[in-house]
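Summary of structural features
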Amino acid sequence: MPRFQFLRNEIEFSLEELQLLYEKNPRLLLYSLDGNMREKIVFFFILQLHIEPENVRKLLLSFPKIMDYNLENHKKPIAEYYITELGFSNSELGSIVTRFPRLFSYSLFKLKHVTGFLRFELGLDATQVKRVIFQAPQIVGLDTEGTLKKKLDLLQTRLSLTSNELGLVVSKMPTLMNLGTENNLLSKIKYLERVVVNHDTVKAMVLKQPTLLGYSLEKRIRPRMEKILTAGLSADKVTVGISMTESKFQEWLESSRLRLKR
């Protein structure tokens, strides 16, 4: 079969990968090689979006249904919107598709709606919108009146953020929108409120280091906070030490502790 040989020889699928691919999406057996598969894989993914063949193989395995969407009426209009109106380069869009191939499972209307929400409801400028979508492309799948709004409302009300401050937090750490609300974001904020006590200090910590809320509470935030407090440092110093490797953190903690004794 020509299409089988194409995937095997040119895209370098293994036999096991091909079996898995066809099991996940049997419709691939029906598509013509030159009129469908080669146009989408070679000319669109590889040549237009500059996705390496190895990454094309990975995205097809992770989301085989991506081949079901029409190239001319669906994929290309979405690519045109991201490149022309949002300002992404072809390679940047290729990176987004590699990490989030389900981008093409949404309508262009849905993508524009979420972008408009970020731009006009959240008040982000064009550069911030681009940063959010690039770092957290999954955000386009969230319900702007449900899941996404609930997370934004939690951050704004719990931390007493202004609209501009909320936009700043989201633009600096877009992946916060991929986290759970009650069992993740809220749990971390409650912990910081309990340990730090002062509400304004918690707010200042998140504004200074929004990535703080992206770390695991049990594996990173709590252990480091306990060591910082044991060393006699103020709780807000966690914004300095949270991103360090364990060895660098221990060095910084010891030097900070010694400076307090002087």
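Residues numbered from 1 in each chain as written. Predicted model: local features only at pLDDT ≥ 70, side-chain atom pairs only at ≥ 80, totals over all residues. Heavy atoms only, no water.

From N to C terminus, the protein includes 15 helices and zero strands. Here the C-alpha atoms of the protein give a radius of gyration of 23 Å, more than 25% beyond the 18 Å that 2.2 N^0.38 yields for 262 residues. C-alpha extents for the protein along the principal axes are approximately 75 × 40 × 30 Å. Out of the 262 residues in the protein, the part that is buried amounts to 45%. Within the protein, counting contacts between residues at least 6 apart in sequence, those at least 24 apart form 67% of the total. Side-chain charges in the protein split into 39 positive and 29 negative, and the spacing between the mean points of these groups amounts to 6 Å. (Helix = DSSP H or I, 4+ residues; strand = E, 2+ residues; numbered from the N terminus. Rg over C-alpha atoms; globule rule 2.2 N^0.38 Å. Buried < 20%, exposed > 50% of the residue type's maximum accessible area, 1.4 Å probe, protein only. Contact = heavy atoms within 4.5 Å. Lys, Arg positive; Asp, Glu negative; His and termini not counted. Charge placed at Lys NZ, Arg CZ, Asp CG, Glu CD.)

Taken together, the side chains of Met1, Leu29 and Leu30 make up a nonpolar region of the molecular surface, amounting to roughly 330 Å² of accessible area. Tracing the backbone through its elements, the reader meets methionine 1 in the segment before helix H1 (2-10). Overall, the relative accessible area of 54% leaves methionine 1 in the exposed class. (Patch = residues over 30% accessible without salt bridge, like charges linked within 9 Å, V, L, I, M, F, W, Y side chains within 5 Å. Areas by Shrake-Rupley, 256 points an atom, 1.4 Å probe, with all protein chains shown as cover. Salt bridge = Lys/Arg side-chain N within 4 Å of Asp/Glu carboxyl O.)

With that settled, the discussion passes to the environment of asparagine 198. Mapped onto the elements of the fold, asparagine 198 is located in the loop between helix H11 (181-196) and helix H12 (199-208). Linking asparagine 198 and leucine 30, residues 168 residues apart in sequence, is a C-alpha distance of 63 Å. A polar side-chain atom of asparagine 198 sits 3.0 Å from the main-chain amide nitrogen of threonine 201. (Polar contact = N/O pair within 3.5 Å; in protein donor to acceptor, adjacent residues only side chain to side chain.)

Next up on the list: helix H6 (residues 90-99). Every buried residue of H6 is accounted for by Leu93, Gly94, Ile96 and Val97. For H6, the buried positions fall inside an angular range of 160° around the axis, keeping them on one side. Contacts from the buried residues of H6 go to helix H3 (33-48), helix H4 (53-62), helix H5 (71-85) and helix H8 (126-135). (Arc of directions from axis to C-beta.)

All right, on to helix H10 (residues 163-172) then. Turning to H10, its buried residues are Glu165, Leu166, Gly167, Val169, Val170 and Ser171. Summarising the contacts, the buried residues of H10 are in contact with H8, helix H9 (147-159) and H12.

Applying the stated rule across the entire model yields 13 salt bridges. Here aspartate 34 ties to arginine 38 by a salt bridge, and the two come within 3.1 Å at their closest N and O atoms. A residue pair is termed a helical-turn pair when its members lie 3 or 4 positions apart in one helix, as aspartate 34 and arginine 38 do in helix H3 at four residues. On the basis of relative accessibility, which here comes to 53%, the residue aspartate 34 falls in the exposed class. Of the charged contacts in the structure, one is a salt bridge between lysine 203 and glutamate 165, with a shortest N-O distance of 3.1 Å. A residue pair is termed long-range when its members are at least 10 positions apart, and lysine 203 in helix H12 and glutamate 165 in helix H10 qualify at 38 residues. With a relative accessible area of 16%, lysine 203 lands in the buried category. A single salt-bridge network, built from bridges that share partners, covers Glu10, Asp34 and Arg38.

Using the criterion set out here, one finds eight aromatic pairs in the structure. Ring pairing ties together the aromatic residues Tyr81, Tyr82, Phe88 and Phe134, which thus form one cluster. The ring of tyrosine 31 carries the charged tip of lysine 40 above its face, separated from the ring centre by 5.2 Å. Over the face of the ring belonging to phenylalanine 134 we find arginine 99, whose NZ or CZ atom lies 4.8 Å from the ring centre. (Phe/Tyr/Trp six-rings, centres within 6.5 Å; stacked < 30°, edge-to-face > 60°. Lys NZ or Arg CZ within 6 Å of the ring centre and 35° of its normal.)

Of all hydrophobic cores here, the largest spans 88 residues; its most connected members are Leu7, Ile41, Phe45, Tyr82, Val97 and Leu103. Excluding its chain neighbours within four sequence positions, the residues that come into contact with tyrosine 82 are Gly87, Phe88, Leu93, Ile96, Leu103, Leu111, Ile133 and Val140. (Core = buried A, V, L, I, M, F, W, Y, C linked by side-chain atoms within 4.5 Å.)

This paragraph deals with the side chain of arginine 57. Looking at where arginine 57 falls in the secondary structure, it is placed in helix H4. Residue arginine 57 is classed as buried on the basis of its relative accessible area, which comes to 16%. Among residues more than four places away in sequence, those in contact with arginine 57 are Ile11, Glu12, Phe13 and Glu17.

Looking now at unusual backbone geometry. A positive phi angle is found at glutamate 12, which is not glycine, with a value near 65°. The phi dihedral of serine 160 is positive, around 55°, even though this residue is not glycine. Among the structural elements, serine 160 can be located in the loop between H9 and H10.

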